[in-house]
Amino acid sequence: MDRTTSGWINGLLGVLIFSGSLPATRLAMGGFDPLYLTAARAAIAGGLALLMLAALRQPRPALSDIVPLLVVAGGVVLGFPLLSAMALRHIDTAHSIMFTGLLPLATAIFAVLRGGERPAPAFWLFAALGSAAVTGFALRDGAGTASMGDALMLAAILVCGLGYAEGAVLARRLGGWQVICWALVLALPAMIGLMTALPAPRWTQVPSAAWAGLAYVALFSMLIGFVFWYRGLALGGIASVGQLQLLQPLCGLALAAILIDEPIGGSIVAITIVVAICVAAARHFAKRRPALCPARSS
């Protein structure tokens, strides 16, 4: 199997795993506070990441990689999990999943800012159309005013896009799975400290569905999904593999309907498709620079 095909397969597996993140977060919030949930999922994944790095005797990242790794940690270890969990207090899962249609666009924008790329004007046209579609839906669904949940999801998408873009650049030097593992390890002391400082839930009263949700977001959303995702980006290229994120909202909506029996309105499906089309067009017109160096074998 060539590198490109392997990259696509790994990227697709990552997207399918990420599609269950918001439904699983909704389940986990049945027994955990959003802040405690964020710390717990990161601490569990961070402990496993530390074991992986030690068992496979991975060299420490260079000092110049520490700040970018902290940016990754801030975006995908702390920022997106916490902000999306807080958003789910105000909006339903299907509504929140619709916002993930903007992830490819957010990633592309940060790739432009970080990489100095110069997209064609059509890129910004479709970027504006996709953003307008999401804003219009949020205002219509919220009777003319965007809710706190909408604002939190938009913030979550922005920080996640930054974490994706920064991690994709690092994956070219460190390797695919090493990026998320080192980001988790760097965040581990803070996450353990946060868990210790926060009031613990009443363990005997946490329902089994909440435990299942925590297990999924800790093992799959926080670690295993990123192993496939960053490896896919490193092998297949950010430009092509990144477009697989367009499948995430539709897969997430299907999982929300199946797992937690949330109704999926036709307007949500329609706006998700519109956003996917706009993002696909925007990414088509974005000029990307080739990788500066090959990815380390993962």
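Values in this document were obtained by computation on a predicted structure and should not be read as measured data.

Reading the values: rules and limits
Residue numbers run consecutively from 1 along every chain, following the written order of its sequence. Since the coordinates come from a predicted model, pLDDT governs what is reported: local features require at least 70, and pairs of side-chain atoms require 80 or more to be given and counted, while whole-chain, interface and lining totals use all residues. In computing side-chain properties, one takes all heavy atoms of the structure into account and sets aside hydrogens as well as water. An axis is simply a line fitted to the C-alpha atoms; with a helix, the fit covers only the stretch in contact. Between two such axes, the angle follows the N-to-C directions and lies from 0 to 180 degrees. Secondary structure counts use DSSP, requiring at least four H or I residues in a row for a helix and at least two E residues in a row for a strand, with both numbered from the N terminus. Each angle receives one of four descriptions, namely roughly parallel if under 35 degrees, roughly antiparallel if over 145, roughly perpendicular if within 65 to 115, and oblique otherwise. Handedness of a crossing is defined here by the sense of rotation of the near helix relative to the far one, left-handed for an anticlockwise turn of less than a right angle and right-handed for a clockwise turn. Pairs of residues are marked as contacts when any of their non-hydrogen atoms sit within 4.5 Å. Each residue gets one of three labels, nonpolar for Ala, Val, Leu, Ile, Met, Phe, Trp, Tyr, Cys and Pro, charged for Asp, Glu, Lys and Arg, and polar for the others, Gly among them. Remark: exposure states derive from per-residue accessible area (1.4 Å probe, protein chains only) relative to the maximum for the residue type, with buried under 20%, exposed over 50%, and partly exposed in between. Whenever two N or O atoms come within 3.5 Å, that pair is a polar contact, provided that in protein one can donate a hydrogen and the other can accept it, and provided that, for residues adjacent in sequence, both atoms are side-chain atoms. We call a set of buried Ala, Val, Leu, Ile, Met, Phe, Trp, Tyr and Cys residues a nonpolar core when their side-chain atoms join them within 4.5 Å. What a helix should span is 1.5 Å times the count of its residues minus one. Each aromatic pair joins two rings of Phe, Tyr and Trp (for Trp, the six-membered one) with centres within 6.5 Å, and gets the label stacked for planes under 30 degrees apart, edge-to-face for over 60, and tilted for any other angle. Whenever a carboxyl oxygen of Asp or Glu lies within 4 Å of a side-chain nitrogen of Lys or Arg, that contact is scored as a salt bridge. Patches draw on residues past 30% relative accessible area with no salt bridge. Two like charges within 9 Å are joined, as are two nonpolar side chains (Val, Leu, Ile, Met, Phe, Trp, Tyr) within 5 Å. In this description, accessible areas are obtained by the Shrake-Rupley approach with a 1.4 Å probe, and a residue is regarded as covered only by the protein chains that are shown.

Q: Tell me what's going on with the packing of helix α2 (residues 21-28) against helix α10 (residues 208-236), and back it up with residues and numbers.
A: It is at 7 Å that the axes of α2 and α10 come closest, and there the two elements cross at 140°. Here α10 runs oblique to α2, going by the angle between their axes. Note on packing geometry: the crossing formed by α2 with α10 is left-handed. Contacts from S21, A24, T25, L27 and A28 of α2 reach α10 at A209, A210, G213, L214, Y216, V217 and S221. Its residues assigned to classes, the contact of α2 with α10 shows eight nonpolar, four polar and no charged.

Q: Before we move on, could you go through the side chain of Q178 and cite the residues and values that matter?
A: With respect to the helices and strands, Q178 occurs in helix α9 (residues 176-197). The exposure class of Q178 is buried, given its relative accessible area of 2%. Separated by 3.1 Å, the side chains of Q178 and Q58 make a polar contact.

Q: Break down the nonpolar core for me, citing the residues and quoting the values.
A: In this structure, V77, Y164, F226, W229 and Y230 are the most contacted members of the largest nonpolar core, which totals 84 residues. Per-element tally for this core: the top contributor is α9, with eleven residues. Leaving out residues up to four positions away in the same chain, F226 has contacts with F18, V76, Y164, I180, S221 and R231.

Q: Explain helix α3 (residues 34-55) to me, and be specific about the residues and the numbers.
A: Here α3 is 22 residues long and its end C-alpha atoms lie 32 Å apart, about the 32 Å a rise of 1.5 Å per residue gives. Following α3 by one or two positions, R57 has its phi on the positive side, about 50°.

Q: I'd love a proper account of unusual backbone geometry, names of residues and values included.
A: At R57, a residue that is not glycine, the phi angle is positive and equals roughly 50°. Here R57 shows up in the loop between α3 and α4 (63-87). Looking at R57, the relative accessible area reads 76%, which means it is exposed.

Q: Go over the packing of aromatic side chains, please, and point to the residues and values.
A: Across all of its chains, the model carries twelve aromatic pairs by this definition. Between Y164 and W229, the ring centres sit 5.8 Å apart and the planes meet at 50°, which makes this aromatic pair tilted. Separated by 65 residues along the polypeptide, Y164 in helix α8 (residues 148-174) and W229 in helix α10 bring together distant segments of the chain. A relative accessible area of 1% places W229 in the buried class. An aromatic cluster is built from F18, Y164, F226, W229 and Y230, whose rings are joined through pairwise contacts.

Q: Tell me about the pattern of salt bridges, and please be specific about residues and values.
A: Per the stated rule, a full pass over the model turns up two salt bridges. Two residues, D33 and R89, come together in a salt bridge whose shortest N-O distance is 2.9 Å. Here the residue D33 occupies a position in the loop between α2 and α3, and R89 occupies one in the loop between α4 and α5 (93-99), the gap between them amounting to 56 residues. With a relative accessible area of 37%, D33 lands in the partly exposed category. Close ionic contact of R173 with D65 constitutes a salt bridge, the shortest N to O distance being 2.6 Å. A residue pair is termed long-range when its members are at least 10 positions apart, and R173 in helix α8 and D65 in helix α4 qualify at 108 residues. By relative accessible area, which is 38% here, R173 ends up partly exposed.

Q: So what's going on with α2? Residues and values would help.
A: One full turn of an α-helix is made of 3.6 residues, so residues set three or four places apart face in the same direction. Most of α2 is tucked away: six of the eight residues are buried. Taken as a whole, α2 has its buried residues at S21, L22, P23, A24, T25 and A28.

Q: Tell me what's going on with the packing of helix α1 (residues 3-18) against α10, and back it up with residues and numbers.
A: Axis separation between α1 and α10 bottoms out at 7 Å; the angle between their running directions is 155°. Accordingly, the angle class assigned to the pair α1 and α10 is roughly antiparallel. Along this stretch, α1 crosses α10, giving a crossing that reads as left-handed. Broken down by class, the residue content of the contact of α1 with α10 amounts to 13 nonpolar, ten polar and two charged.

Q: Would you mind going over a nonpolar patch on the surface in detail, with residue names and values included?
A: A surface patch of nonpolar side chains, amounting to about 380 Å² of accessible area, comprises I9, L12, L13, L16 and L247. Among the secondary structure elements, L13 is positioned in helix α1. Relative accessible area serves as the criterion here: at 36%, L13 is assigned to the partly exposed category.

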